[in-house]
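In case you want the letters, here they are:
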Amino acid sequence: MRRRQILTASAMAMAGLAGCTGGDSTNEASSESSPVVTTVEEFYTTLYDENDIEAANSMYHPDTESRDIRPSDFERYGGIESISASVYSTEVVSQTDSTARVHVTVGYSTPVGSATNEDWFTMRKNDGEWRVDYYLSDEARSGMSQEAIDDIMNQS
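Because the structure is a prediction, the values reported are computed rather than measured. (Residues numbered from 1 in each chain as written. Predicted model: local features only at pLDDT ≥ 70, side-chain atom pairs only at ≥ 80, totals over all residues. Heavy atoms only, no water.)

Asker: How do you make sense of the pattern of salt bridges when you look at a structure like this?
Answerer: When the charged atoms of two side chains lie near each other, side chains of opposite charge can form a pair. Evaluated as defined, the whole model comprises 3 salt bridges. Of the charged contacts in the structure, one is a salt bridge between Arg67 and Asp73, with a shortest N-O distance of 2.8 Å. Like Arg67, the residue Asp73 is buried in the burial classification. Ionic pairing is found between Arg141 and Asp138, a salt bridge with its closest N-O pair at 2.7 Å. Remark: Asp138 and Arg141 occur in helix α4 (residues 138-142); sequence separation between them is 3 residues, near one turn of the helix. Given the relative accessible area of 10%, Arg141 is considered buried. (Salt bridge = Lys/Arg side-chain N within 4 Å of Asp/Glu carboxyl O. Buried < 20%, exposed > 50% of the residue type's maximum accessible area, 1.4 Å probe, protein only. Helix = DSSP H or I, 4+ residues; strand = E, 2+ residues; numbered from the N terminus.)

Written out as structure tokens, the structure reads:
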């Protein structure tokens, strides 16, 4: 059951990445400069500035239950190359030596519109480097029960 919730959340998150979205792909502000924040910001840069889905997928923790990002996740918005994201701020909500929860205020833009949302990440170290464990967009969370959200976000 947990794996189904996580896979569903991952699929919704990818739709949320594209669905919440006219803008610039620069990282304008960060509330905290740390390796975990840098990794989160690099995720957005890799996916939206470089349009490199394969490289973004390589930023996930090898043991994550999240599904890979696919080009089809962005087709209804003109493809990944039509979407931009601007990170406005990041907040490390909690952190241990090996896990972290991060909230990101990000502006999305596509040919069909734009929005500013708060995306949530759980991060986990692998071989000393921070990796994305789960990504939950605002839109993905709106379609989930609080129990499912807590299950994913409290794993770290």
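Here the narrative resumes.
Asker: Looking at this structure, how should I read unusual backbone geometry?
Answerer: With the exception of glycine, most residues fall at negative phi, and the peptide bonds are largely trans. Non-glycine residue Asn51 carries a positive phi angle of around 55°. Its location among the elements puts Asn51 in the loop between α2 (35-49) and α3 (53-57). The residue Asp127 is not glycine, and still its phi comes out positive at about 50°.

Asker: Please clarify how the confidence of the model for the chain should be interpreted in this entry.
Answerer: It should be kept in mind that the predicted coordinates are not to be read in detail where pLDDT is low. On average, the chain scores 81 in pLDDT, and the residues at 70 or more come to 78%. Note on residues 1-15: pLDDT is under 50 here. Beyond four places in sequence and across chains, it has 40 contacts. Confidence drops under a pLDDT of 50 for residues 17-31, and excluding neighbours within four residues, the segment shows 60 contacts in the predicted structure. (pLDDT = per-residue confidence, 0-100. Contact = heavy atoms within 4.5 Å.)

Asker: For this particular structure, what's the right way to read the environment of Ala56?
Answerer: Secondary-structure assignment places Ala56 in helix α3. Along the sequence, Ala56 and Tyr44 sit 12 residues apart, while their C-alpha atoms lie 8.2 Å from each other. The residues touching Ala56, leaving out its near neighbours within four places in the chain, are Phe43, Thr46, Leu47 and Ile69.

Asker: Teacher, can you tell me more about the pairing of strand β4 (residues 129-136) here?
Answerer: Side chains on a regular strand alternate between the two faces of the sheet. Counting buried positions over the 8 residues of β4 gives 7, a clear majority of the element. Note that strand β3 (residues 113-126) and β4 share 7 bridges and pair antiparallel. Across the sheet, the residue bridging to Lys125 is Trp130, located in β4. In this antiparallel pair of consecutive strands, β3 and β4, the connection spans 2 residues, and Asp127 shows a positive phi of 50°. (Pairing = 2+ DSSP bridges.)

Asker: Looking at this structure, I do not really get the environment of Phe43. What am I missing?
Answerer: On the secondary structure map, Phe43 appears in helix α2. Expressed as a C-alpha distance, the spacing of Phe43 and Ser58, which sit 15 residues apart in the sequence, is 9.7 Å.

Asker: I keep staring at α2 and nothing clicks. Help me out?
Answerer: Counting along an α-helix, one turn takes 3.6 residues, and residues three or four places apart therefore face a common direction. In this model α2 runs 20 Å from its N-terminal to its C-terminal C-alpha over 15 residues, within 8% of the 21 Å that 1.5 Å per residue would give. Within the span of α2, buried status applies to Val36, Val37, Thr39, Val40, Glu41, Phe43, Tyr44, Thr46, Leu47 and Tyr48. Phi turns positive one or two residues past the end of α2, at Asn51, with a value near 55°. (Expected span 1.5 Å × (residues − 1).)

Asker: What is the right way to read the side chain of His103 from this model?
Answerer: Looking at the secondary structure, you find His103 in strand β2 (residues 99-110). Residue His103 is classed as buried on the basis of its relative accessible area of 16%. Leave out the neighbours within four places in its chain, and His103 touches Ser89, Thr90, Glu91, Val93, Glu118, Asp119 and Trp120.

Asker: Can you walk me through the sheet that holds β4 in this structure?
Answerer: Note on sheets: strands pair through backbone hydrogen bonds, and any given pair is parallel or antiparallel. Pairing is antiparallel in the open sheet, where 4 strands are placed in the order β1-β2-β3-β4. The open sheet has two free edges, formed respectively by β1 (84-95) and β4, since each of these has just one partner strand. The average angle at which neighbouring strand axes cross in this sheet is 30°, direction not considered. Contacts from α2 reach β1, β2, β3 and β4 within the one sheet, and its direction differs from that of β1 by about 155°. In this fold helix α5 (residues 146-153) packs onto β2, β3 and β4, with an angle of close to 45° to the strand it touches most, β3. (Axes fitted to C-alpha atoms, helices over the stretch in contact; angles between N-to-C directions.)

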